[in-house]
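Each chain, letter by letter, is given below.
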Amino acid sequence: MQNDKHILVLGVTGSIAAYKAADLASRLRQNGVEIRVMMTESATHLVCPQTFLTLSKAPVTVSLWDAPSWQPRHIELALETKVLLIAPATANILAKMANGIADDALSTFCLSHEGTVIVAPAMNPRMWRHPATQANVRTLQERGVRFVGPVEGRVACGEAGLGRMAEVDEILSAALAAMTE
């Protein structure tokens, strides 16, 4: 990895915890981090891209077909990105990452990014405990993906347990530390 990479890509997926990603984006910028946001289509049903455009001061990528130039955005951006932070990270994106599935802008970017990867899982506790999810987590950890959370607590559906996204402060600390490595 080149030392001149300076961008953090914030991946936002379709968990109700996506609203916390707006606070995270804002706080990253307040700490001087240059960010680009990539959202899954599902995330756009929970938080609109305009929110992240305003907070990041940069275009938001939702589709592979959003490219404003001839070069595919996921490849061009990967050349400048030091850290990929996915918060919230759903069971779906963890499965895609573990199995090399690239069927949207974010999962495709995951395959082209060669720097640090941090994920902040957020899902129902039963989904987190599922053997498939746990196998995907082990695979990603073996590949060097860093996990922040999940933590114990009540999730949006009302259930409580391990699956709640870590607090923004904890995710921010991990991201800032990775940017200075």
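These figures come from a predicted structure and were not determined experimentally. (Residues numbered from 1 in each chain as written. Predicted model: local features only at pLDDT ≥ 70, side-chain atom pairs only at ≥ 80, totals over all residues. Heavy atoms only, no water.)

Asker: How would you sum up the overall build of the chain? Please name residues and give values.
Answerer: Helix and strand counts for the chain stand at eight helices and eight strands. Its C-alpha atoms give the chain a radius of gyration of 15 Å, near enough to 16 Å, the size a compact globule of 181 residues would have. By principal-axis analysis of the C-alpha atoms, the chain measures approximately 45 × 30 × 30 Å. Taking all 181 residues of the chain together, the buried fraction comes to 52%. Considering only intrachain contacts with a sequence separation of at least 6, the fraction spanning at least 24 residues in the chain is 73%. Accessible surface for the chain amounts to roughly 8,600 Å². Of this, 52% is attributable to carbon and sulfur atoms. Each charge class in the chain can be summarised by its mean position, and for the 16 positive and 17 negative side chains these summaries are 4 Å apart. (Helix = DSSP H or I, 4+ residues; strand = E, 2+ residues; numbered from the N terminus. Rg over C-alpha atoms; globule rule 2.2 N^0.38 Å. Buried < 20%, exposed > 50% of the residue type's maximum accessible area, 1.4 Å probe, protein only. Contact = heavy atoms within 4.5 Å. Areas by Shrake-Rupley, 256 points an atom, 1.4 Å probe, with all protein chains shown as cover. Lys, Arg positive; Asp, Glu negative; His and termini not counted. Charge placed at Lys NZ, Arg CZ, Asp CG, Glu CD.)

Asker: Any details on the packing of helix 4 (residues 91-99) against helix 7 (residues 131-142)? Residues and values, ideally.
Answerer: Each pair of packed helices gets described by two things: the angle between the helix axes and the distance between those axes. At a closest axis distance of 9 Å, the pairing of helix 4 and helix 7 adopts a crossing angle of 50 degrees. When the axis of helix 4 is compared with that of helix 7, the two are oblique. Between helix 4 and helix 7 the crossing geometry is left-handed. When helix 4 is examined against helix 7, the residues Ala91, Leu94, Ala95, Met97, Ala98 and Asn99 are found in contact with a partner set consisting of Thr133, Asn136, Val137, Thr139 and Leu140. Of the residues that constitute the contact of helix 4 with helix 7, the class distribution is seven nonpolar, four polar and no charged. (Axes fitted to C-alpha atoms, helices over the stretch in contact; angles between N-to-C directions. Parallel < 35°, antiparallel > 145°, perpendicular 65-115°, else oblique. Left-handed = near helix turned anticlockwise from the far one by under 90°. Nonpolar A, V, L, I, M, F, W, Y, C, P; charged D, E, K, R; others polar.)

Asker: Lay out the environment of glutamine 134 with the relevant residues and their values.
Answerer: Mapped onto the elements of the fold, glutamine 134 is located in helix 7. Take glutamine 134: its relative accessible area is 23%, and that puts it in the partly exposed class. The sequence separation of glutamine 134 and alanine 91 amounts to 43 residues, and the corresponding C-alpha distance is 9.6 Å. If we skip the residues at most four places from it in the chain, glutamine 134 touches Trp128 and Arg129.

Asker: Which residues make up the pattern of salt bridges, and what values go with them?
Answerer: The tally for this structure, following the rule as stated, stands at seven salt bridges. In this structure, aspartate 23 engages arginine 27 in a salt bridge whose closest nitrogen and oxygen atoms are separated by 3.9 Å. Of this pair, aspartate 23 and arginine 27 both sit in helix 1 (residues 18-30), four residues apart, roughly one helical turn. Taking relative accessible area as the criterion, arginine 27 reaches 23% and is therefore assigned partly exposed. Arginine 146 serves as the salt-bridge partner of glutamate 181, at 2.9 Å between the closest nitrogen and oxygen. (Salt bridge = Lys/Arg side-chain N within 4 Å of Asp/Glu carboxyl O.)

Asker: Before we move on, can you summarise the sheet that holds strand 4 (residues 81-89) with the specific residues and values?
Answerer: Read from one edge to the other, the open sheet built from six strands follows the order 3-2-1-4-5-6, with strand pairing classed as parallel. Two strands in the sheet have a free side with no partner beyond their single neighbour: strand 3 (60-61) and strand 6 (146-147). Both strand 1 (residues 7-12) and strand 4 contribute to a ladder of five bridges, which runs parallel. Within the sheet, the bridge partner assigned to isoleucine 7 lies in strand 4 and is threonine 81. Here helix 2 (residues 49-56) sits on the sheet in contact with strand 1, strand 2 (34-39) and strand 3, set at roughly 170 degrees to strand 2. (Pairing = 2+ DSSP bridges.)

Asker: Account for the packing of helix 1 against helix 2, naming residues and giving values.
Answerer: Between helix 1 and helix 2, whose axes approach to 9 Å, the crossing angle comes to 15 degrees. Classified by the angle their axes make, helix 1 and helix 2 are roughly parallel. Note on packing geometry: the crossing formed by helix 1 with helix 2 is right-handed. Facing Ala18, Ala21, Ala22, Ala25, Ser26 and Arg29 of helix 1, the residues of helix 2 in contact are Thr51, Phe52, Leu55 and Ser56. Within the contact of helix 1 with helix 2, the residues separate by chemical class into six nonpolar, three polar and one charged.

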